[in-house]
Amino acid sequence: MSTYAHKKSFGATVWDYLTTVDHKKIGILYLIAGGFFFLVGGLEALFIRVQLAVPNNDFVSAGLYNEILTMHGTTMIFLAAMPLIFAFMNAAIPLQIGARDVAFPFLNSLGFWLFFFGGVFLNCSWFLGGAPDAGWTSYASLTLESDTHGVDFYILGLQISGIGTLIGGINFLVTIVNMRAPGMTYMRMPLFTWSAFVTSALILFAFPALTVGLFLLMFDRLFGGNFFDVSAGGNTIIWEHLFWIFGHPEVYILILPAFGIFSEIFATFSRKRLFGYSSMVFATVLIGFLGFMVWAHHMFTVGMGPIANAIFAVATMAIAVPTGIKIFNWLFTMWGGNIKFTTPMLYAIAFIPSFVAGGVTGIMNAVAAADYQYHDSYFVVAHFHYVIVGGVVLALLAGTHYYWPKMFGTLLNEALGKITFWLFLIGFHLTFFIQHFLGLMGMPRRVFTYLPNQGWETGNLISSIGAFFMGVAVIILLINIVMTQVKNVRVGNDPWEDGRSLEWAIPSPPPFYNFKQLPLVRGLDPYWIEKMEGKKEMTPAEPLGDIHMPNPSFLPVTISFGLFVAAFGAMYHVDDKNWALPVLIIGMGITLISMLIRSVKDDHGFHIHKEDLENEDDKGGRA
Amino acid sequence: MRKRLHKWRLISIFAILALALSGCGEPFLSTLTPAGEVAKKQYDLMILSTVIMVLVIIVVTVIFIYVIARFRRTKKNENSIPKQVEGNHKLEIIWTVIPILLLLVLAVPTVSYTFQLADVSPMKQKDKDGKTKDALVVNVRANLYWWEFEYPDLGIVTSQDLFVPTDKKVYFNVKSSDVKHSFWIPAVGGKTDTNPEGVNQFWLEFDGKGSEKVKNQFYGKCAELCGPSHAYMDFKVQTLSQDDFKQWTQDMKNLKKPAAEGNLAKEGEEIYNKSCIGCHANTANDSRPEQARTAPNLANFGDRTRIAGILEHNEENLKKWMQDPEQVKPGNLMTGKYQKLDEHELDALTAYLMGLKLEQ
């Protein structure tokens, strides 16, 4: 254990986390917040499945159902999957490239708090007159028609958390470009780092489209703009384009890091170097690039005409090629390997058939003329859940087990982990496989109920039963987490024993400065190379010296909180509430003053002195 | 072990049986029982893409099962370090090129069919009166939560039940008068969005044989989330032989002024003229502009198959609907547009509306 983790009072721990700029702690914050929203979104999913279990059900009303389905999608994508991806990126990327932190630690914290307050703001809608009800896509004509403040919560909440995501993406781009340890060339970076790099680039280009779209929608809703108001010469299809120019890359923003996590797991537990590393890198970049050229395949039925439809159909099909390359590379990583079936590896193995199923239905959807049948039916619901649950969520669960020791210094119980895995996998296929057929049998998506005698009863019942398997699996995971942390059995540097990349060369959890001396990287899988030469640790690339560290800061919380307050003011200003404008001004004031303080106050950070580091010998942190 | 295997076998048999029993869905609603040229083309594409995809899945599965069965870590090889393979150019080229070829096989019919399904050129051929020459054109207007079908060349407006001739291409102009909806008759062809800002055009063909199988009635759906009652925005398609369709258009045109029969119905007509006529027309040749047509046309209401698109067509349900539409279709625009009706008024209106039929 390093010295900084000595016992602290509860209040001090909370203050520590509120002000931290340490990527490892921010990773934990992302994990907790993202995990919480994942539970909320999961609960909403269960409500949906209960409502649809039998025809003509009245478990929830029509309007409430639309709120639940909107919040399920929005929460899962923006508030659960994205932050959980960021949790693992924060926890692992700086360690994998041999850095002491991200490039901008303060911004890292700011990114988290913006996401957090945006998410909280969005969920406040439940208690303040109703949640957004126009679907996670919030197509403009329906959004403008919606008469509660729900969609205003959606617009402002996503705007705030979106800034956080954009900041996070830029931060990781700069970190990966600038902060790599000596010898860590681009083509020696672990694949998770590569995928985080490409994902960050996608965030940089995709999120502005969403920001623009949300701004236009905000002007329409709050200030009487006419961008999407057809009767005033607006056009709602522009919203669809803006949304999907963001929305499609968003899918790759989620799935690429998932690919990255699985690539690490396959290599580790097959005890083998990743097969076709350079083609994997190439495929990742190519997927990221093509991801921007295919957004209109979400709009085949909009009436873009056969030329646009055909172009986007063929472009979409092209993405199957790099994805296929990846699948085969993973299979051949395992080929000839020495496979250990740990919990993370089980998730990785189950991911292959699950994701292939999601991928091939994606190709089926790309067939524009046939998509006129699939579009907005349960076939599409099945497809994207196969991709997002079968790809992203399995990766997040795998990552939770895989990186848990590095984040918390303990190993999650393997037996419980495997029970979670089987329940979740069975539940997942039970829920979503049958939905392909429901869609083909004519069931549209986003219906709050259905009439009997349309041939949909059996399928929906099976689907609902499956959902509860997943629910139980998640509960067991929570029990596992609590049990593990209560027992608190500490683990060493390389708890999986076959770790290959740099993070496994240092203690779990690492000291707050990560590396006492920056390591010298001599190839792909640097730690594995050293291990194979019989060494226990990395060769240092620099002499022991003072380490410059950033100071903690409370300002990210206040900057984000100010926007949170201001959003309420902006929203209720429409209702002519006389307190709205002052609230807006106070909120913006808090943000701007915090930013001013940050700008004018010199904060040079502090140094850990060489002597202190020497005293810490044998206590880890050695490169 | 053996017992366990046996159990698994039983379970899988049941699973397959369940699938077979549920089969391809209801023929009036399922894309898997295509009853028209468009749906058939789309079905062909589904089959082609499924075959290719199953091929891919088989290859992956075989390698997958072999790998996880063959290369497990056991007590024996616990400490062995496998050879660290960098890659294999030949293999990598193979699994790059073969998918490209497979996709080409899929891309060609995709592009060709996409253009075929978008071919609406006969709609554009007009005679000197401005009417479409040969093609039958239907203007579909989607509204919160009902459908209007206008036959511009025939001067007929109807709602909720779409009447079409079989074995002949029918061309559609679709649009929305409020939020975005999507027009979908799964068994006959894929959907087209009805946008608030412009007209989309496409065509469908209703198969005569397929129609017989479903007693000449297909189900239509709204496929785009449009508000609370999106799930209830159903319509029905009544298919007629080409001769019957001619007859139907004639009857609709001749249906000038509906005559109420009996005292009760007469009373109903008065209530109708007082409370309903502002929105609902009761003749098929409604010449008002579409902005004025804010509620379903009731000309052939007595012949409809559903009340409000969803309830069984009987007097009890009609009364239920008129008494409190919100109860039946949450968020509909009829609620609160008329004064509350008492029992007697409901009876009278029901008698009148149920009498609005083509054939007396």
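Note that the structure is a prediction, hence the values are computed from the model and not measured.

Right, let's get into the overall build of chain A. Within chain A one finds 20 helices and two strands. Based on the C-alpha atoms only, the size of chain A along its principal axes is roughly 70 × 60 × 45 Å. Long-range pairs, those at least 24 residues apart, make up 82% of the contacts in chain A between residues at least 6 apart in sequence. A total of about 20,300 Å² of accessible surface is found on chain A, and carbon and sulfur atoms cover 71% of it.

Across the boundary between the two partners, chain B contributes 86 residues, which contact 91 residues of chain A. Regarding the contact of chain B and chain A, the summed buried area is about 7,400 Å², with carbon and sulfur atoms giving 69% of it. It is B:Arg73, B:Trp95 and B:Leu225 in chain B that bury the most area against chain A; as a group they hold 11% of the surface buried on that side. At the surface where chain B touches chain A, the tally comes to two salt bridges. The partner of B:Arg73 in a salt bridge is A:Asp498, and the shortest N-O contact between them spans 3.1 Å. Elements that contribute at least two residues to the side of chain B that touches chain A include exactly α1 (2-22), α2 (37-70), α3 (89-117), β7 (189-194) and β9 (217-222) of chain B. Classifying every residue of the side of chain B that touches chain A by side-chain character gives 48 nonpolar, 24 polar and 14 charged.

Right, let's get into the domain arrangement of chain A. All names here are of chain A. Assigned domains within chain A: domain 1 (24-178), domain 2 (187-340) and domain 3 (367-491). Put simply, the middle of domain 1 and the middle of domain 2, counted by C-alpha atoms, are 18 Å apart. With 38 residues of domain 1 at the contact, the number on the domain 2 side is 37 residues. Our count for the contact surface shared by domain 1 and domain 2 stands at one salt bridge. Inspection of the region where domain 1 meets domain 2 yields ten residue pairs in polar contact (both at pLDDT 80 or more). A per-element tally of the side of domain 1 that touches domain 2 places helix α6 (residues 150-178) first, with 16 residues.

Below, the discussion takes up the pairing of strand β2 (residues 146-151) of chain B. Residues and elements named next belong to chain B. A large share of β2 lies buried, amounting to six of its six residues. Side chains Trp146, Glu148 and Glu150 project from β2 onto one buried face, and the interleaved Trp147, Phe149 and Tyr151 project onto a second face that is buried too. As paired strands, strand β1 (residues 136-143) and β2 are joined by five bridges and run antiparallel to one another. For Arg141, the partnering residue across the bridge sits in β2 and is Glu148. For β2 and strand β3 (residues 156-159), the ladder comprises four bridges, and the chain directions are antiparallel. Looking at β3, one finds that Phe149 is bridged to Thr158. Between β2 and β3, which pair antiparallel one after the other, the connecting turn spans four residues, and Gly155 there sits at a positive phi close to 70°.

This brings us to the UniProt feature "transmembrane region" (unreviewed entry) in chain B. All names here are of chain B. In the numbering adopted here, UniProt assigns the feature "transmembrane region" (unreviewed entry) to residues 45-69 and 93-115. Helix makes up 100% of residues 45-69 and strand 0%, with an end-to-end C-alpha separation of 36 Å. Note that residues 93-115 is 100% helix and 0% strand, and that its end C-alpha atoms are spaced 33 Å apart.

To continue, consider the environment of A:Leu478. With respect to the helices and strands, the residue A:Leu478 is situated in helix α16 (residues 457-487). Note: C-alpha distance between A:Leu478 and A:Thr420 (58 residues apart in sequence) is 9.7 Å.

Rules of the game
- Position labels on residues start from 1 in each chain and follow its written sequence.
- Labels follow written order: the first chain is A, the first ligand is 1, and so on.
- Local features in a predicted model are, by the rule used here, given only for residues with pLDDT of at least 70; side-chain atom pairs are given and counted only at 80 or more, and totals for whole chains, interfaces and linings are based on all residues.
- Remark: hydrogens and water are excluded; side-chain values derive from all non-hydrogen atoms of the structure.
- Helix and strand definitions follow DSSP, with helices as H or I runs of at least four residues and strands as E runs of at least two, each counted in order from the N terminus.
- For this analysis, residues touch if any pair of their heavy atoms sits within 4.5 Å.
- Computed by Shrake-Rupley with a 1.4 Å probe, the accessible areas treat only the displayed protein chains as cover when residues are assessed.
- Summed over both partners, buried area is the accessible surface (1.4 Å probe) that two parts give up on being assembled.
- We count a salt bridge whenever a side-chain nitrogen from Lys or Arg sits within 4 Å of a carboxyl oxygen from Asp or Glu.
- Basically, the charged four are Asp, Glu, Lys and Arg, the nonpolar ten are Ala, Val, Leu, Ile, Met, Phe, Trp, Tyr, Cys and Pro, and anything else, Gly included, counts as polar.
- Domain start and stop positions are those given by an automatic or database domain assignment.
- For this analysis, a polar contact is any N or O atom pair within 3.5 Å, provided that within protein one partner can donate a hydrogen and the other can accept it, and provided that sequence-adjacent residues contribute only side-chain to side-chain pairs.
- With a 1.4 Å probe rolled over the protein chains alone, any residue whose accessible area is under 20% of its type maximum counts as buried; one over 50% counts as exposed, and the rest are partly exposed.
- Strand pairing follows a simple DSSP-based rule, namely that at least 2 bridges must link the two strands.
- UniProt positions are given in the numbering used here, feature names are shortened, and annotations may be inferred rather than shown by experiment.

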